Structure formats: structure tokens, C-alpha cells
Amino acid sequence: MQRLFELLFAKGAPKELLAARKDYSGPALFSYGFRPFFFFGAVWAALSVPYWIYIYSTGAGVVGLMSAPEWHVHELLYGYLAAIIAGFLLTAVPNWTGRLPVLGVRLMLLFALWAAGRVAMLASGIIGSVAAGGVDSLFLISLAAMMWREVIAGKNIRNIPVCVMATLLAFTNIGFHASVLGSAFHEFIEHLAIGVIALLITLIGGRIVPSFTRNWLAQRGETDLPAQAGLFDNMALGAAGLALLGWSFMPGSETTGFLLILASVIHWVRLARWRGWKTGREPLVLILHIGYAWLPASFLLMGIAAFAPATVPPHAAMHALTAGAMGTMTLAVMTRATLGHTGRDRTADIWTTAIYLLVVTGALMRVAAPFLLAQTYLLALMISALLWSGAFALFAIRYGPMLWES
């Protein structure tokens, strides 16, 4: 174990690190963090959701030692989403800090920890819950430690909040495993983890959506550009943080409902300030606005659910945040980052547009499913799963060669 961490966090002088980057001749898949994590994260999303629907529909009830719903939630948060977050951070942090990216053996080892976690979760019935939880927890702990080291070494204080959120996500994973073993805090841990990821979307989305939109509009001679970041954006972050904290501790309270609806209004205004309606000619930019729009939409539904759960089922509202905001925003970032970092034109072809249509339609169907008649609920779940997971399967097929090749 000590040797593993020595390799993961190996130190080196800048010249040595530069030489390692220049001399790297290994597989292209491990030449940059987004490559393995975007590809295999997409594959896992494409496989795990249909598998969950199969377990649910057949009444099998368990995966390893977890109930099927618990496994589904865990693999959404700490399997697929953790992989995409890792791919994004490992790619973005070098740009933020001016330091060189994690690649080669270190990246292989980090990816191996993620893959080992997926196997451990499936094999928990054989190796036991404690062992499975221990193996699964190593990945996010290592990722968070890497982020702290790079941000501190690069004196990039602005991004310490990202490190804090990565650390919180790692701790919620540990808490998730502990809650399955008998803690009464399972719902709290689940909501807290979802809240942390939603805040990451709020923070990172607030940077990339207006920035990419501004660049695209400026290239076309537009003068009505997205508003610059400022006090209003800080207020939006604070409103989202308070609302999500309330949702974690008191999901059904009227105070939480008020905070969620207030956050929804503020984030609708924030989104309008980014001039998304001007980007309809380029799906690669437009999808960022659609993905972010799921965030205030989910806040609104979650707020209504707090006041009137019989009118808006809480799980429908939550899936607007997970399947909707998280599913759409991850694919929006994955497609754009892959095209940009592999030297391709940043424009959406017909296959990329199809990916976006599949994920948005699948999310809409998942949110709508609880509102349908009981006899059509399972059918709606199956259709939404096929559409949503199909988006990730199509990403793996279309973008896989870009990620595997140099």
C-alpha cells in the first residue's frame, strides 16, 4: 500500500516532470486524465443503468450485499459520476495551476483504483461489505489528495473550494458504505453527495458556460455577450449551497422548500444572463445551457416536493437533478473536452447531437415516470433507461476512437 501511494503522489522536480511528459510513449489512453475516465465512465453508465432496471424488474432485489436501489445510487454517484469528475479535474487542474498533468503509470494506478472499486461493489457478496467499501473508497481519497497537492503546489487558492468538494465527495462515499452497514444516516449521506456534485456543477458550470458562450458569440461578431462573473454569481452559489444543505438535513421541511425555490429563481436569472438563446446554431454550446437549465428546474421541483410531496414525488424531483442536470452536463463537458483536447473542431456532428437528444429525452422520461399510471411506470423506467444509457453508449462508440488514439 505504501508503494502504491508513493507512485501515485511521486514527487519530481519540474524538469524531471517535463521530461516525463515529453518522453511519454505509452498508450494514448493514459496520456491525459480525461481519456480513460471519460471512456470507461461512459461505458459504466451505459451498462449499469440497464443492469439496475433488469434487477428491479425481475425482483432479484440485491447486487452483492447491497439492495438494488442502494447499488444503483452508489454506482451513479461513485462509479460513473466520480469517473467523469476525475477526468475533468485531472484535465482542468494543470490548466489552473500551470503544473503538468498526471499521466502514464500514475494515471494507470488511479484508474485501476476506480476499476477495482467497481469490481469490489459487484463482488461484495464474496469479499464482504467492509473489504468492498475499503477498496471502493481508495479511489476518491487518492483523487482528492492529488487535487490538494496540485492546487497547493501551484498556489492556486481560487480552486481550493474544488478540493474541498472532492474531499467531501470522498467522505460521503465512506459514509455511504457505513450507512449500508446499519447507520440511520443513509438518506442524509445520499443527499449530501448529490448536493456536493450539484455545487460542483454550479461552480464549474458558472465558469465554463458563460466563457465558452462568450467566445463563440464573439467569433460571430456578437456584441450582446454573457454577463461577467461577479457578486450575483457568488449569491447564486450561496443560495444553492444553503438550499442543498437544507435538503440534506431537512428534505421535507417548508424552510428547505423555500430555499430551493429561491435558489431556482436566482439560477434561472443567472442562466438568462449567459445569453444561451443565441447559441441555437451550435449544439455543442447550446447543450451547456440546457444542461445547466436542469439545475434550477430541479431546485423548483425539489422545492415543490418539500411543500407538496403528493403533487411532485421527491424521487421525480431528485432525478431532475441526477439524470437531468448531472447526466446532461457531464456529456456536454465530455464531448467538448474530447474534441478540444484531441485537436478536433469544436462543433457537434449528427452523432453528437443524437447523444444530446438521447440524454435529455431519457431524463425527461425518468422525471415524468412517477406521474404516470402505475401499470405504465415500469415501461417508462425501461424506456428512460434505454434512452439515457444509450446516450453514453453512443458517446463511447463515437468518441472512443478519439480517446484511445493519440
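Right above here is the structure, for reference.
Being a predicted model, the structure only gives us computed values, none of them experimental.

Rules used in this analysis
- Residues numbered from 1 in each chain as written.
- Predicted model: local features only at pLDDT ≥ 70, side-chain atom pairs only at ≥ 80, totals over all residues.
- Heavy atoms only, no water.
- Helix = DSSP H or I, 4+ residues; strand = E, 2+ residues; numbered from the N terminus.
- Rg over C-alpha atoms; globule rule 2.2 N^0.38 Å.
- Buried < 20%, exposed > 50% of the residue type's maximum accessible area, 1.4 Å probe, protein only.
- Contact = heavy atoms within 4.5 Å.
- Areas by Shrake-Rupley, 256 points an atom, 1.4 Å probe, with all protein chains shown as cover.
- Salt bridge = Lys/Arg side-chain N within 4 Å of Asp/Glu carboxyl O.
- Expected span 1.5 Å × (residues − 1).
- Bend = angle between axes of the 7 residues up to and from the residue.
- Phe/Tyr/Trp six-rings, centres within 6.5 Å; stacked < 30°, edge-to-face > 60°.
- Lys NZ or Arg CZ within 6 Å of the ring centre and 35° of its normal.
- Core = buried A, V, L, I, M, F, W, Y, C linked by side-chain atoms within 4.5 Å.
- Axes fitted to C-alpha atoms, helices over the stretch in contact; angles between N-to-C directions.
- Parallel < 35°, antiparallel > 145°, perpendicular 65-115°, else oblique.
- Nonpolar A, V, L, I, M, F, W, Y, C, P; charged D, E, K, R; others polar.
- Left-handed = near helix turned anticlockwise from the far one by under 90°.

Trainee: Break down the overall build of the chain for me, citing the residues and quoting the values.
Mentor: Counting its secondary structure elements, the chain contains 15 helices and two strands. Taken over the C-alpha trace, the chain has a radius of gyration of 21 Å; the compact-globule value for 406 residues is 22 Å, and the two agree within 12%. Counting every position in the chain, which comprises 406 residues, the buried fraction comes to 53%. Intrachain contacts of the chain at a sequence separation of at least 6 include 78% that bridge at least 24 residues. If you sum the accessible surface of the chain, you get close to 17,100 Å²; carbon and sulfur atoms cover 69% of it.

Trainee: Which residues make up the pattern of salt bridges, and what are the values?
Mentor: Pairing is possible between side chains of opposite charge, provided their charged atoms come close. Evaluated as defined, the whole model comprises nine salt bridges. Between Lys 278 and Glu 222 there is a salt bridge; the shortest N-O distance is 3.7 Å. Of the two residues, Lys 278 is situated in the loop between α11 (254-272) and α12 (283-307) and Glu 222 in the loop between α9 (186-219) and α10 (231-249); the sequence distance between them amounts to 56 residues. Overall, Lys 278 belongs to the partly exposed group, its relative accessible area being 22%. Note on Glu 222: relative accessible area 28%, which makes it partly exposed. With a shortest N-O distance of 3.9 Å, Arg 273 and Asp 233 are connected by a salt bridge. You can see Arg 273 sitting in the loop between α11 and α12 and its partner Asp 233 sitting in helix α10, a full 40 residues away along the chain.

Trainee: Run through helix α15 (residues 374-404), naming residues and quoting values.
Mentor: An ideal rise of 1.5 Å per residue puts 45 Å on 31 residues; α15 measures up with 44 Å between its terminal C-alpha atoms. Where α15 bends most, at Arg 398, the angle is about 45°, and the proline Pro 401 comes one to four residues later.

Trainee: Describe unusual backbone geometry, and please don't skip the residues or the numbers.
Mentor: Non-glycine residue Lys 155 carries a positive phi angle of around 50°. On the secondary structure map, Lys 155 appears in the loop between α7 (129-153) and α8 (160-180). One non-glycine residue with positive phi stands out, namely Arg 275, at about 60°. Note on placement: Arg 275 falls in the loop between α11 and α12. Among the residues examined, Arg 275 registers a relative accessible area of 21% and is labelled partly exposed.

Trainee: Quick one: what's the story with the packing of aromatic side chains, residue by residue and with numbers?
Mentor: What describes a pair of aromatic rings is the distance from one ring centre to the other and the angle between the planes of the rings. Evaluation of the coordinates by the stated rule reveals 21 aromatic pairs. For the ring pair Phe 395 and Tyr 399, a centre distance of 4.9 Å and an interplane angle of 10° mean the geometry is stacked. In this pair, Phe 395 and Tyr 399 are both assigned in helix α15, four residues apart and thus about one turn of the helix distant. Its relative accessible area of 0% is what places Phe 395 among the buried residues. An aromatic cluster is present here, built from Phe 30, Phe 37, Phe 39, Phe 40, Phe 111, Trp 114, Phe 139 and Trp 404 joined pairwise through their rings. The cationic tip of Arg 207 hangs over the ring face of Trp 96; the distance from NZ or CZ to the ring centre is 5.4 Å. Taking the ring centre of Phe 212 as reference, the NZ or CZ of Arg 336 above it sits at 3.8 Å.

Trainee: I'd like a description of the side chain of Glu 75, backed by residues and values.
Mentor: In this structure, Glu 75 sits in helix α4 (residues 68-97). Non-local contacts of Glu 75, meaning those with residues more than four positions away in its chain, are made with Trp 44, Tyr 80, Arg 118 and Met 121.

Trainee: Lay out the nonpolar core with the relevant residues and their values.
Mentor: Core analysis: the largest hydrophobic core is formed by 122 residues, its most contacted members being Phe 37, Phe 139 and Phe 392. Counting residues per element, this core draws most heavily on α4, at 16 residues. Contact partners of Phe 139, with chain neighbours within four places excluded, come to Phe 37, Ala 82, Ala 86, Leu 110, Leu 113 and Trp 114.

Trainee: Outline the environment of Ala 145, supporting the account with residue identities and numerical values.
Mentor: Summarising the element assignment, Ala 145 is placed in helix α7. For the pair Ala 145 and Ala 166, spaced 21 residues apart in the sequence, the C-alpha separation amounts to 8.9 Å.

Trainee: Can you tell me about the packing of α4 against helix α5 (residues 104-122), naming the residues and giving the values?
Mentor: Packing of α4 against α5 brings their axes to within 11 Å, and their N-to-C directions diverge by 175°. It follows that α4 is roughly antiparallel to α5 by the angle criterion. The residues of α5 that touch α4, namely those facing Trp 71, His 74, Glu 75, Tyr 78, Gly 79, Ala 83 and Leu 90, are Leu 107, Leu 110, Trp 114, Arg 118, Met 121 and Leu 122. Split by residue class, the contact of α4 with α5 holds nine nonpolar, two polar and two charged.

Trainee: I'd like a description of the packing of α10 against α11, backed by residues and values.
Mentor: Between α10 and α11, whose axes approach to 8 Å, the crossing angle comes to 150°. Of the possible angle classes, the one that applies to α10 and α11 is roughly antiparallel. Along this stretch, α10 crosses α11, giving a crossing that reads as left-handed. The residues of α11 that touch α10, namely those facing Phe 232, Asp 233, Ala 236, Ala 239, Ala 240, Leu 242, Ala 243, Gly 246 and Trp 247, are Thr 256, Leu 259, Leu 260, Ala 263, Ile 266, His 267, Val 269 and Arg 270. Its residues assigned to classes, the contact of α10 with α11 comprises twelve nonpolar, three polar and two charged.

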